[in-house]
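A structural walkthrough
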Amino acid sequence: MSLMKMDPQDYMYEFTHAKILEWGWPETSSHLATTFGLMIVLGILLFGLQFLLWKFFLNFLVKVSKNSKNQFDDYLVRNKMMLNLSRLILIYACFPVVELVFSHFEDWISPLEKFFNILLVVGWLMVINSLLRSLRDLFKTQKAFEGKPLNSYLQVINILLVFIGGVVIFTTLTGKSPWAFLTAMGAASAILMLVFKDTILGFVASIQVATNDMVRIGDWIEMPKYGADGDVVEINLNTVKVQNWDKTITTIPTYYLITDSFKNWRGMQDSGGRRIKRAVNIKISSIHYVNSEEIEELKKIKLLAPFIEKRQAEIDRYNSENFPDRSMPVNGRNMTNVGLFRQYIKKYVENHPGVHQNMTLMVRQLSPTELGLPLELYMFSTDINWTTYEDLMSDVFDHLLAAVKFFNLEVFESPASDDIRKLGSFKEFQLS
């Protein structure tokens, strides 16, 4: 057969083989030399194709994505979608090369085609993975997917894709039906359950966490058992990462969120108010009925004056009708300094701009203890920011601790060292 009537592949091989024979190569090694020479030439051509793809095609697409207003193409570039596509093109280009280069070594063609088929499966998996990661990054910017464990979903899909790819590779290598591989997998399911126990538990937990909306990225959760107290920064198939307030990272297995209890502060964050629950302990011996001079002095307090006038009128009317003899103060009704102080606290926080007026707000007495009578403030701040919240709470109690003396009350304190020294000096004075 003349060279002009041959297929292009056979023509190229025979042409190269004829040239090698002309150069004086022996017939026994000429075919091997022809194959080796074609491998070098076509390898250079493939390398040149790769260079052109990376230098021009990929750079062109990167520039286009930067200049476009669409964010999705930026995510495709960031997740190496273009690079993986170029690799896929090179793998497809290798198939005709194999038949051309090894046309006189037919025993090599089938194993090499299987090898490139496996590379093709891996290449498609990488392309699909890049596409999925780009979709994940795009969904993260959507409000509907805010806080959703998208990484867990991506990992589950990747596991499924790897499984499918493994089945295809098994079929390619063995030439058997995929059902043979699945049958073998069924026989080894007990071992797989043991090996992938954590992954299976994490997968189930991720679905429950996402379905029940238990945890989102950005949520503040508290799990003292595992030393976690901070914001959720990542939710994966197997783990949940929490950045604590001291900037350390605590990693918790995802299925522990199902099996153990934890506190999620999202409700507080969504409500727009953060609870303040703190008490001032009043020294019980400083509590007394207020006399007329003290009442007149306390009327100078602008917030309290209307209440005192109204309350005093009610008390005077009641006492005149029921207790005409007021020589004993216990007879009838009286105002107390602690009661007026409690009312002052209530009026003060009701007029404070940092206190949420549409949420629970009360000032109450708790049961007296050995530390005095607790007056507890139960209210919510208008700002949930930690620093602002602490500043508000400090400002309120700074004011109250300074104001308590104007009601002739004392805040309970355990005896300090100078109190003990004063007591010792007093006893020495008495003895002398």
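These notes cover the structure that comes with them. Everything numeric here is computed off the predicted structure, so don't read it as measured data.

**Some remarks on helix α15 (residues 386-403)**
Owing to its 3.6 residues per turn, the α-helix aligns residues three or four sequence positions apart on the same side. A rise of 1.5 Å per residue sets the reference length of α15, with its 18 residues, at 26 Å; its end C-alpha atoms lie 26 Å apart and thus fit the reference within 8%. Every buried residue belonging to α15 is among Tyr 389, Leu 392, Met 393, Val 396, Phe 397, Leu 400 and Ala 403, and all of these are buried. Each buried residue of α15 lies within a common arc of 125° when the element is viewed along its axis, so the set occupies one face. Against β6 (274-282), α14 (337-350) and β8 (373-381) lie the buried residues of α15. Capping the start of α15, Asn 385 holds a side-chain oxygen 3.1 Å from the backbone nitrogen of Thr 387, two or three residues further along.

**What to know about the sheet that holds strand β7 (residues 362-365)**
The three strands are arranged β6-β8-β7 in an open sheet whose pairing can be described as antiparallel. With one partner strand each, in any of the chains shown, β6 and β7 form the two edges of the open sheet. Across the sheet, the axes of successive neighbouring strands diverge by a mean angle of 20°, strand direction being ignored. In this sheet, β8 lies alongside β7 in antiparallel orientation, the contact comprising four bridges. What sits directly across from Met 362, in β8, is Tyr 378. Along the sheet, α14 makes contact with β6, β7 and β8, crossing β8 at roughly 10°. Contacting β6 and β8, α15 runs over the sheet at an angle of about 25° to β6.

**Examining the pairing of strand β3 (residues 239-244)**
Side chains Val 240, Val 242 and Asn 244 of β3 all project onto a buried face; the interleaved residues Thr 239, Lys 241 and Gln 243 project onto a face where none is buried. For strand β2 (residues 228-235) and β3, the ladder comprises five bridges, and the chain directions are antiparallel. Bridging across to β3, Val 232 finds its partner in Val 242. In sequence, β2 turns back onto β3 through a hairpin of three residues. Taken together, the five bridges between β3 and strand β4 (residues 249-253) define a ladder with antiparallel strand orientation. Each residue of the ladder has a partner; that of Lys 241, found in β4, is Thr 251.

**Focus on the nonpolar core**
Phe 341, Leu 377, Val 396 and Phe 407 are the most contacted members of the largest nonpolar core, which totals 35 residues. Counting only elements with at least two residues in this core, the list comes to β6, α12 (292-298), α13 (305-322), α14, β8 and α15. Among all residues touching Leu 377, those that are not within four sequence positions of it are Ile 276, Lys 277, Arg 278, Ile 345, Val 349, Met 362, Val 363, Val 396, Phe 397 and Leu 400.

**As for the packing of aromatic side chains**
Inspection of the entire model under this criterion finds 10 aromatic pairs. Ring centres of Trp 220 and Trp 265 lie 4.4 Å apart, and the angle between their planes is 10°; this geometry places the pair in the stacked category. Of the two residues, Trp 220 sits in strand β1 (residues 220-223) while Trp 265 sits in the loop between β5 (263-264) and α11 (266-271), which places them 45 residues apart along the sequence. For Trp 220, a relative accessible area of 8% translates into the label buried. An aromatic cluster is built from Trp 220, Trp 245, Trp 265 and Trp 386, whose rings are joined through pairwise contacts. Lying across the ring of Phe 397, Arg 278 places its NZ or CZ 5.5 Å from the centre. Over the face of the ring belonging to Tyr 318 we find Arg 333, whose NZ or CZ atom lies 5.1 Å from the ring centre.

Reading guide: rules and limits
- Residues numbered from 1 in each chain as written.
- Predicted model: local features only at pLDDT ≥ 70, side-chain atom pairs only at ≥ 80, totals over all residues.
- Heavy atoms only, no water.
- Helix = DSSP H or I, 4+ residues; strand = E, 2+ residues; numbered from the N terminus.
- Expected span 1.5 Å × (residues − 1).
- Buried < 20%, exposed > 50% of the residue type's maximum accessible area, 1.4 Å probe, protein only.
- Arc of directions from axis to C-beta.
- Contact = heavy atoms within 4.5 Å.
- Polar contact = N/O pair within 3.5 Å; in protein donor to acceptor, adjacent residues only side chain to side chain.
- Pairing = 2+ DSSP bridges.
- Axes fitted to C-alpha atoms, helices over the stretch in contact; angles between N-to-C directions.
- Core = buried A, V, L, I, M, F, W, Y, C linked by side-chain atoms within 4.5 Å.
- Phe/Tyr/Trp six-rings, centres within 6.5 Å; stacked < 30°, edge-to-face > 60°.
- Lys NZ or Arg CZ within 6 Å of the ring centre and 35° of its normal.

From the geometry alone we can't say anything about function, so treat these as descriptive.
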